[in-house]
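This is what each chain is made of:
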Amino acid sequence: MNSPAPNFKNLWKPFLVAAALAFVYATVLIKLGADWWTDENYSHGLLVPPLIGYIIWLEFDALKNAPKNSSVWLGFALILLALLMLLGGTLGAELFTRRVSFILILAGIVVYFWGARMLKLLAVPFALLLLAIPIPQIFFNKIALPLQMYASQMAIWGIRLFEVPSIRKGNVIEILPQGATQIVALEVVEACSGIRSLMTLVTLALVLAYFTGERDKRNGRGWFDFLKNFDFWRAIILMLSAIPIAIITNAARVTATGVLTYRYGKRATEGTLHDASGWLVYVTALGLLLLVNLGLKKVSSLKFQVSSQSESQVTDYEFQTDRNPKIQNRNEKETVLQSVSASSARLQRVSASLLAAVLLVGGIFINWFEQRGEVEVERKSLSEISARLGEWRQKGDAIRFGAATETVLGTTDYTMREYVAPGGRLANLYVGYYASQRHGATYHSPLNCLPSSGWVMTQPERIEIKSPSGETFTANKFIIENGVYREVLIYWYQGRGRATASEYTDKINTVWDSVLRRRSDGAMVRVMTGVSDSETEATAKAADLAAQIAEKLPEFVPE
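Residues numbered from 1 in each chain as written. Predicted model: local features only at pLDDT ≥ 70, side-chain atom pairs only at ≥ 80, totals over all residues. Heavy atoms only, no water.

Asker: Tell me about a nonpolar patch on the surface, residues and numbers included.
Answerer: A cluster of nonpolar side chains, contributed by Trp233, Ile236, Ile237, Leu240 and Ile243, occupies part of the molecular surface with about 420 Å² of accessible area. By the secondary structure assignment, Ile236 is in helix H10 (residues 230-264). (Patch = residues over 30% accessible without salt bridge, like charges linked within 9 Å, V, L, I, M, F, W, Y side chains within 5 Å. Areas by Shrake-Rupley, 256 points an atom, 1.4 Å probe, with all protein chains shown as cover. Salt bridge = Lys/Arg side-chain N within 4 Å of Asp/Glu carboxyl O. Helix = DSSP H or I, 4+ residues; strand = E, 2+ residues; numbered from the N terminus.)

As structure tokens, this is what we get:
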């Protein structure tokens, strides 16, 4: 790759803008890097920055020779929008918005200095960066949980093909090993996580499509020329194929683990062999992606042969009838472009310093808001919740989770205990409180966690809860089943004087209160009791305990 000697006189401009950008997004990038390091769903993000650098190096000649018609005002508008998103995400305790604003501001800077068409040449790096941004957990679980269920269904079919007696409960498969008396439960993945290979596979699919594409055909003159390029559609198909591949490979892993568990017991789910099977899933998935890509390349080559013959005939006809009339206006266009480029260069010399100044001022302003923190509210510890709630009496001591589960939950404070009503009805109460949701810690919806623990959730509905003081609110009600257990579940989200059934409404309220009240604290409240003989009676009892705890919560979950 031939490159001209760098112009050191102009190096101060990119360094100044980069330094200002690092200052504005320092906390966002540090937290993103920490998530890449600790979150297995997005560990591929660690490879994305060097990969983007390598792609830009490969495309350097194309980037250098591309027309550079800077769009200062459009770029400046995108940069301001990104800063507003960063401010809103900072005040509204929304990490995803802040991270997406970083991608948007990079796009704005590209447009600012080199024009909007340069974004086409950088489409793959921007797409890779976007795929490395963890999406909000409430959306990720909505996508991942159904895929987990499909994988568990396929796994149980595969296990039974080997005549292994097994039972599937939601996302958990129970197997009794030969000669054993204790059942072993297999989870398709760990509780409250997604199919870990999914996001990595989608990213790998895009990388594979890029490095096996026809580089000289990637860029057309028109904005939508890429739609005519088979490589674009090949990339889309490859990325979509990552979904069934993730399901199939995870199901195959659980099937193999299930068969080995039946033959050799629980030790088949532990140790080096089990860990190695995780890597084998990635290798197998990559092999399947390669096969899909090979098939698509075959289709592409056949199509290219047909189109080449047609283009050859058209080219011969044009050569005979007209020697490319576009050449006549080429000099005029080049003159206009040179004039525009000269004008843009003069404007950039002034605006580079202005852009850096805007970034620095915006960074100071936003960082001040972030560092000011949130309002401290007085509250009692959840351990002080009364052992007597109406007619309900606490039974035994509070129940504590293991250290690993507590880490996943990320609560500031929580309590889980059992209450008994006259007549012997037993109910489970859980309250998980978060003092702040600004840095990613947030509620774990029963819609995601319970199915991952083997519960099947049915008969969803909204019910009205009326507290002893007469206040009413809406909560979620489900019938949940796990083997012989069948229970009524009622849960809702409560914080800052609001109680709501919808996690999305609660998220909007959290953003609103974080901006206006400097608070993002809140809690998820859950009540469960066995159905026994009467579902109506069980629902009424669960609603009564929910009403009793709701009456007491303001002391522990401040309004």
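Further notes follow.
Asker: Give me the packing of helix H4 (residues 72-91) against helix H5 (residues 95-114): which residues, what numbers.
Answerer: Angle between the axes and distance between the axes are the two parameters that describe a pair of packed helices. Close contact between H4 and H5 brings their axes to 8 Å; oriented N to C, the two are set at 165°. With respect to their mutual orientation, H4 and H5 come out roughly antiparallel. The crossing of H4 and H5 is left-handed. Here the contact of H4 with H5 is composed, by residue class, of 16 nonpolar, 6 polar and 1 charged. (Axes fitted to C-alpha atoms, helices over the stretch in contact; angles between N-to-C directions. Parallel < 35°, antiparallel > 145°, perpendicular 65-115°, else oblique. Left-handed = near helix turned anticlockwise from the far one by under 90°. Nonpolar A, V, L, I, M, F, W, Y, C, P; charged D, E, K, R; others polar.)

Asker: Tell me what's going on with the nonpolar core, and back it up with residues and numbers.
Answerer: One recurring pattern in soluble globular proteins: nonpolar side chains tend to sit buried together. With 69 residues, the main nonpolar core has Tyr25, Ile79, Leu83, Ile105, Leu128, Leu355 and Leu359 as its most contacted residues. No other element matches helix H9 (residues 197-211), which puts 10 residues into this core. Excluding anything up to four places from it in sequence, Tyr25 contacts Ala82, Leu86, Arg98, Ser101, Phe102 and Ile105. (Core = buried A, V, L, I, M, F, W, Y, C linked by side-chain atoms within 4.5 Å. Buried < 20%, exposed > 50% of the residue type's maximum accessible area, 1.4 Å probe, protein only. Contact = heavy atoms within 4.5 Å.)

Asker: Explain the side chain of Ser467 to me, using residue names and the numbers behind them.
Answerer: Among the structural elements, Ser467 can be located in the loop between strand S8 (456-466) and strand S9 (472-482). Judged by its relative accessible area of 7%, Ser467 is buried. A polar contact is formed between the side chain of Ser467 and the side chain of Glu551, at a distance of 3.3 Å. With residues up to four places along the chain from it excluded, the contact list for Ser467 reads Ala547 and Glu551. (Polar contact = N/O pair within 3.5 Å; in protein donor to acceptor, adjacent residues only side chain to side chain.)

Asker: Can you lay out H4 for me, pointing to particular residues and giving the numbers?
Answerer: Helix length check: H4 (20 residues) gives 28 Å between terminal C-alpha atoms against 28 Å at 1.5 Å per residue, within 8%. Of all the positions in H4, only Val72, Gly75, Phe76, Ile79, Ala82, Leu83, Leu86, Leu87, Gly89, Thr90 and Leu91 are classed as buried. (Expected span 1.5 Å × (residues − 1).)

Asker: Please provide a residue-by-residue account of the packing of aromatic side chains, values included.
Answerer: Enumeration over the complete set of coordinates arrives at 13 aromatic pairs. Relative to Trp57, the ring of Tyr54 lies with its centre 6.1 Å away and its plane at 20°, an arrangement referred to as stacked. You can see Tyr54 and its partner Trp57 sitting in helix H2 (residues 48-58), 3 residues apart, about one turn around the helix. Taking relative accessible area as the criterion, Tyr54 reaches 42% and is therefore assigned partly exposed. Ring geometry for Tyr210 against Phe211: centres 4.9 Å apart, planes inclined by 85°, an arrangement best described as edge-to-face. The buried category is assigned to Tyr210, whose relative accessible area is 5%. Exposure remark for Phe211: the relative accessible area of 34% places this residue in the partly exposed category. What links up through ring pairs into an aromatic cluster is the set Tyr54, Trp57, Tyr210 and Phe211. (Phe/Tyr/Trp six-rings, centres within 6.5 Å; stacked < 30°, edge-to-face > 60°.)

Asker: Let's hear about H10: which residues, and what values?
Answerer: In this model, H10 (35 residues) spans 49 Å end to end at C-alpha, consistent with the 51 Å of a helix rising 1.5 Å per residue. Maximal helix bending in H10 amounts to about 30°, located at Ile243; proline Pro244 follows within four positions. Downstream of H10 by a residue or two, Gly265 has a phi angle that is positive, lying close to 85°. (Bend = angle between axes of the 7 residues up to and from the residue.)

Asker: An account of the confidence of the model for the protein is requested, with residue identities and associated values reported.
Answerer: Of all residues in the protein, 80% have pLDDT values of 70 or greater, and the mean over the chain is 79. The weakest mean pLDDT in the protein belongs to helix H12 (residues 330-371) at 63; the strongest belongs to strand S6 (residues 413-420) at 94. Counting contacts from residues 314-328, a segment whose pLDDT is below 50, to residues more than four positions away or on other chains yields 1 contact. Scored below 50 in pLDDT, residues 335-340 makes 2 contacts in the model with residues more than four places away or belonging to other chains. (pLDDT = per-residue confidence, 0-100.)

Asker: Lay out unusual backbone geometry with the relevant residues and their values.
Answerer: Backbone geometry at Glu163 places phi at a positive 60°, although glycine is not the residue there. Its place among the elements puts Glu163 in the loop between helix H8 (137-161) and strand S1 (166-169). The exposure class of Glu163 is exposed, given its relative accessible area of 68%. The phi angle at Arg518 is positive, at roughly 55°, despite the residue not being glycine. Examined against the element boundaries, Arg518 turns out to sit in the loop between helix H15 (503-517) and strand S12 (522-530).

Asker: With reference to specific residues and values, describe the side chain of Arg234.
Answerer: Within the fold, Arg234 resides in helix H10. Judged by its relative accessible area of 0%, Arg234 is buried. At 3.1 Å, the side chain of Arg234 and the backbone oxygen of Ala209 are in polar contact. A polar atom in the side chain of Arg234 sits 2.5 Å from the side chain of Asn293.

Asker: Got a sec to walk through the packing of H5 against helix H7 (residues 123-131)? Specific residues and values, please.
Answerer: Direction vectors running N to C along H5 and H7 enclose 165°, while the axes themselves pass 10 Å from each other. Classified by the interaxial angle, the pair formed by H5 and H7 is roughly antiparallel. Relative to H7, the crossing made by H5 is right-handed. Only Phe126, Leu129 and Leu130 of H7 make contact with H5, whose side of the interface consists of Phe102, Ile103, Leu106, Ala107 and Val110. Of the residues belonging to the contact of H5 with H7, the class tally is 8 nonpolar, no polar and no charged.

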